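Each chain, letter by letter, is given below.
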Amino acid sequence: MNPIQTLRVALRAILRNKLRSLLTTLGIVIGVGAVITMTAIGAGAKARVEEAFAAMGTNVLIIQQGSSRASGVRGGFGSLPTLTWEDFAAIRDVSTVKSLAPSLRSTMAIVGDDQNWTTTILGTSPEYFDIRNWPIAIGSSLSSADVDAGHKAIVLGQTVADKLYGPNANPVGQSVRIGGKPFLVSGVLAKKGQSATGQDYDDAAFTPYTTFAQKIQGGLGKYLQGSIMVAATSTAAIARAQQDITILLRERHHLASTGDDDDFQIRNLSEIAGAQEQGAQTMTTLLASVAAVSLLVGGIGIMNIMLVSVTERTREIGIRMAIGAEPHHILTQFLIEALALSIAGGVLGVVLGVGVAVLLAARFNWPTLIQPEIITLSVGFSALVGIVFGIYPARKASQLDPIDALRFE
């Protein structure tokens, strides 16, 4: 028998009992479907985390003020000014720091021609938008000249621009008022979307930090009244930059080498992103492992039904051997049957897994990402399961004695 004839005979035997064949492959279908669904959800969650942290900036460190302590009551980081403008200038000279920008924050109402909107006002420098990978959509960004001269320039986030002037409006050159003081809109930032916690990045407006200190909130003298955003020279240099800045600030704040706690905090966004990605990956691996167990159960089901098939077709096997079929012909036939069952289950599992992933994405707005390599791997693994669990029944069939097989009732 040639391979085509062997395949035809194997498929005919499978289709002879359609319901039994379908039930046999059910374990494979569920296993492959579960693997694809879980990995799609895990990959989608990982991509969402990467997208959210990419929106926060590249290679970013955030330096926050210290904590307060009064009458036994301790406040969190940021409750006590400890960072100075001299610290800010000194950090600029750290070799592993590419750029940095202050982030002075307040919540106030912005008044346009006939609309107003309460939003976050940030005092910063032009480097802030480079650190955050945040381009200008209309007009121009803040400039070093704006910072040096304390110009009353303002850059609007897309949400603020929409609330004050309506969608698709061009507010560049318009005047807005903050606390009764006029500011000239120099540009509108490109839409950035939401953070992982649901914060609307576009619901903000930006002015030079010198203008912020003079016109909006007032200054604290030598102390910087917000946080500092730092961009490291590369992803590999983030940890070193954090260490260098820590050493520098401890020296400048006259903290002992041991014993004294830092009077500042440095948040490494890459570490936070890595922790979230690792959590998502761990959950995906766990669920995929459970799904793999279902594949093994499906393999046992295939082996069981193939053993039953050998018993049912013992006389057929004896006749084939009597008219010249070799043992390897019988072995090949039953292996092809097991392989066809497992591959059919794998294909149905792919359809089920992709369908469930798409349904979850549409129904619950869960992030999913279908990976072609996972589909290929799942189908390949299901085929391997069919071969491994089909070997024993196939060998048993090929080793039957023709005389005993012909006498079998």
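As the structure is a computational prediction, the values presented were derived from the model and not from experiment.

In the structure shown here, the tally under the stated rule is six aromatic pairs. Summarising the aromatic geometry, the rings of Trp-85 and Phe-88 are spaced 5.8 Å apart at their centres and angled 75° between planes, so their arrangement reads as edge-to-face. Taken together, the positions of Trp-85 and Phe-88, both in helix H4 (residues 85-91) and three residues apart, correspond to about one turn of that helix. Take Trp-85: its relative accessible area is 25%, and that puts it in the partly exposed class. Judged by its relative accessible area of 4%, Phe-88 is buried. Ring centres 5.5 Å apart and planes at 80° place the aromatic pair Trp-134 and Phe-206 in the edge-to-face group. Of this pair, Trp-134 sits in the loop between helix H5 (127-131) and strand E6 (136-139) while Phe-206 sits in strand E10 (residues 204-208), and the two are 72 residues apart along the sequence. Judged by its relative accessible area of 5%, Trp-134 falls in the buried class. Site record: aromatic cluster; members linked through ring pairs are Tyr-128, Phe-129, Trp-134 and Phe-206. Just above the ring of Tyr-201 sits the side chain of Arg-132; from NZ or CZ to the centre is 5.0 Å.

Two side chains carrying opposite charge are able to pair once their charged atoms lie near each other. By the definition in use, this model includes five salt bridges. Residue Lys-191 pairs with Asp-202 through a salt bridge whose shortest N-O separation is 3.8 Å. With a gap of 11 residues between them, Lys-191 in the loop between strand E9 (181-189) and E10 and Asp-202 in the loop between E9 and E10 connect regions that are remote in the sequence. Judged by its relative accessible area of 64%, Lys-191 is exposed. Salt-bridge contacts for Asp-262 lead to Arg-250; the nearest nitrogen and oxygen are separated by 2.4 Å. Residue Asp-262 is found in the loop between helix H9 (238-252) and strand E12 (265-268), and its partner Arg-250 is found in helix H9; the two are separated by 12 residues along the sequence. Salt bridges linked by common partners bring Glu-86, Asp-87 and Arg-252 together as one network.

With respect to the secondary-structure elements, Thr-207 resides in strand E10. Overall, Thr-207 belongs to the buried group, its relative accessible area being 0%. Discounting residues that sit within four places of it in the chain, Thr-207 has contacts with Ile-121, Leu-122, Gly-123, Thr-124, Leu-142, Ala-153, Ile-154, Phe-183, Phe-212 and Ile-216.

The full count for this structure, using the stated rule, is one cavity of 30 Å³ or more. Counted as a void, the largest cavity has a volume near 30 Å³. Around the largest cavity sit Ile-36, Thr-39, Ala-40, Leu-369, Ile-370, Gln-371, Ile-374 and Ile-375, which together line it. Residue contributions to the lining of the largest cavity peak at three residues, all from helix H3 (residues 26-56). Across the lining of the largest cavity, the residue classes tally to six nonpolar, two polar and no charged.

Another point: a nonpolar patch on the surface. A cluster of nonpolar side chains, contributed by Leu-19, Leu-22, Leu-23, Leu-26, Ile-30 and Leu-348, occupies part of the molecular surface with about 570 Å² of accessible area. The set of elements that each furnish at least two residues to the nonpolar patch consists of helix H2 (18-24) and H3. Looking at the nonpolar patch element by element, the count peaks at three residues for H2. When you line up the elements, Leu-348 lands in helix H12 (residues 327-364). By relative accessible area, Leu-348 is classed as partly exposed at 41%.

Here E6 pairs with E9 via three bridges, running antiparallel. Paired with Gly-139 across the strands is Gly-187, a residue of E9. Bridge count for strand E8 (residues 175-178) against E9 is four bridges, and the pairing is antiparallel. Within E9, the position partnered with Ile-178 by the bridge is Lys-181. In this structure, the hairpin formed by E8 and E9 is closed by a connection of two residues, where Gly-179 is found at a positive phi of approximately 60°.

Of all the five residues making up E10, five are buried; the element is thus mostly covered by neighbouring parts of the structure. Pairing of strand E5 (residues 116-124) with E10 involves five bridges; the strand directions are parallel. By the bridge assignment for E10, Leu-122 is matched with Phe-206. Across two bridges, strand E7 (residues 153-156) lies against E10 in antiparallel orientation. Within E10, the position partnered with Leu-156 by the bridge is Ala-205.

Cut-offs applied
Residues numbered from 1 in each chain as written. Predicted model: local features only at pLDDT ≥ 70, side-chain atom pairs only at ≥ 80, totals over all residues. Heavy atoms only, no water. Phe/Tyr/Trp six-rings, centres within 6.5 Å; stacked < 30°, edge-to-face > 60°. Helix = DSSP H or I, 4+ residues; strand = E, 2+ residues; numbered from the N terminus. Buried < 20%, exposed > 50% of the residue type's maximum accessible area, 1.4 Å probe, protein only. Lys NZ or Arg CZ within 6 Å of the ring centre and 35° of its normal. Salt bridge = Lys/Arg side-chain N within 4 Å of Asp/Glu carboxyl O. Contact = heavy atoms within 4.5 Å. 1 Å grid on protein atoms, 1.4 Å probe; cavity = no way out; pocket = protein on both sides within 12 Å on 5 of 7 lines; lining within 4 Å. Points joined across faces, edges and corners; volume = space filled by probe spheres on them. Nonpolar A, V, L, I, M, F, W, Y, C, P; charged D, E, K, R; others polar. Patch = residues over 30% accessible without salt bridge, like charges linked within 9 Å, V, L, I, M, F, W, Y side chains within 5 Å. Areas by Shrake-Rupley, 256 points an atom, 1.4 Å probe, with all protein chains shown as cover. Pairing = 2+ DSSP bridges.

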